[in-house]
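Coordinate inspection notes
So the chains spell out like this:
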Amino acid sequence: MKFYILRWFVVLLPMVMLSQEKETGPNAVYESFSIAYKALDAKILQAIYTTDGVLLNLYDSSPPNSIVGNKKISAYFSAFFKKSAESGQKLELEFKITSRQKVGNTIYDSGYYRLISKISNEPNRYGYGKLSTVLVYQENRWKFKIDSNTNTTQEEFDNAQLADIPQPN
């Protein structure tokens, strides 16, 4: 009987640990980001930034914008999502992580994203961007400490070489 229980423990433990890694691993922040865009729900984003987190928007067509604090970041996205909802827009976001460095409880990621905007009876619109983020492990999960992004081209997104790590989405 002891051997039978031990055998199941040995079989199930790796599956449970893999499940926990999926839910709390560093890719979970990007997966939550995608879910927030799909649901147009800024509260999801508030939970994946540290209380003193920083969002740096560095797009070519607009002035640099730094937003400090997860509540202010949530308010920023809430206004964006409200406009999207009012226009009947549905959003999808996908990520490609091209570099990841882990130092203690800090992860430095670089990569790309594609934003797909869908409005009924109109062709989809696509936006592409680059990102550099700093993730820290807090409250039993990874969170954005710094999230910086800027625009890029479809060609650069398509040609990005993925890092040899599991990808979000």
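Residues numbered from 1 in each chain as written. Predicted model: local features only at pLDDT ≥ 70, side-chain atom pairs only at ≥ 80, totals over all residues. Heavy atoms only, no water.

1. Considerations on the pairing of strand E4 (residues 106-118)
Here E4 lies mainly inside the structure; 10 of its 13 residues are buried. Where strand E3 (residues 90-103) and E4 come together, 13 bridges link them in antiparallel fashion. Within the sheet, the bridge partner assigned to Ser 99 lies in E4 and is Ser 110. Hairpin connection between E3 and E4: a loop of two residues separates the two successive antiparallel strands, and Gly 104 in this loop has a positive phi of roughly 60 degrees. Pairing of E4 with strand E5 (residues 125-138) involves 12 bridges; the strand directions are antiparallel. Its bridge partner being in E5, Gly 111 is matched across the sheet by Leu 131. What sits between E4 and E5 in their antiparallel hairpin is a turn of six residues, with Asn 121 showing a positive phi close to 60 degrees. (Buried < 20%, exposed > 50% of the residue type's maximum accessible area, 1.4 Å probe, protein only. Helix = DSSP H or I, 4+ residues; strand = E, 2+ residues; numbered from the N terminus. Pairing = 2+ DSSP bridges.)

2. Some words on the environment of Ser 32
By secondary structure assignment, the location of Ser 32 is in helix H2 (residues 27-39). As a C-alpha pair, Ser 32 and Ile 48 span 16 residues in sequence and 7.6 Å in three-dimensional space.

3. A closer look at helix H4 (residues 70-86)
An α-helix turns once every 3.6 residues. As a result, residues three or four positions apart point the same way. The end-to-end C-alpha distance of H4 is 24 Å, a good match for the 24 Å that 17 residues give at a rise of 1.5 Å each. Where the residues of H4 are buried, they touch H2, helix H3 (42-47), strand E1 (49-57), strand E2 (65-68) and E3. One or two steps after H4, the chain reaches Gly 88, where phi turns positive at roughly 75 degrees. (Expected span 1.5 Å × (residues − 1). Contact = heavy atoms within 4.5 Å.)

4. Digging into the packing of H2 against H4
H4 packs onto H2 with a crossing angle of 40 degrees between their chain directions and a minimal axis gap of 10 Å. Here H2 lies oblique to H4, going by the angle between them. Counting all contacts with H2, which are made through Phe 33, Ala 36 and Tyr 37, the residues of H4 involved are Phe 77, Phe 80 and Phe 81. Split into classes, the residues belonging to the contact of H2 with H4 amount to six nonpolar, no polar and no charged. (Axes fitted to C-alpha atoms, helices over the stretch in contact; angles between N-to-C directions. Parallel < 35°, antiparallel > 145°, perpendicular 65-115°, else oblique. Nonpolar A, V, L, I, M, F, W, Y, C, P; charged D, E, K, R; others polar.)

5. Let's talk about the packing of aromatic side chains
By the definition in use, this model includes 17 aromatic pairs. The interplanar angle of 90 degrees and the centroid separation of 5.7 Å between the aromatic rings of Phe 33 and Phe 77 together place this pair among those described as edge-to-face. One end of the pair, Phe 33, is in helix H2; the other, Phe 77, is in helix H4, with 44 residues separating them in the sequence. Taking the relative accessible area as the measure of exposure, Phe 33 reaches 6% and is therefore buried. Given a relative accessible area of 5%, Phe 77 falls into the buried group. Members of the aromatic cluster, each reached through a chain of ring pairs, are Tyr 30, Phe 33, Tyr 37, Tyr 49, Tyr 76, Phe 77, Phe 80, Phe 81, Phe 95, Tyr 113 and Phe 144. (Phe/Tyr/Trp six-rings, centres within 6.5 Å; stacked < 30°, edge-to-face > 60°.)

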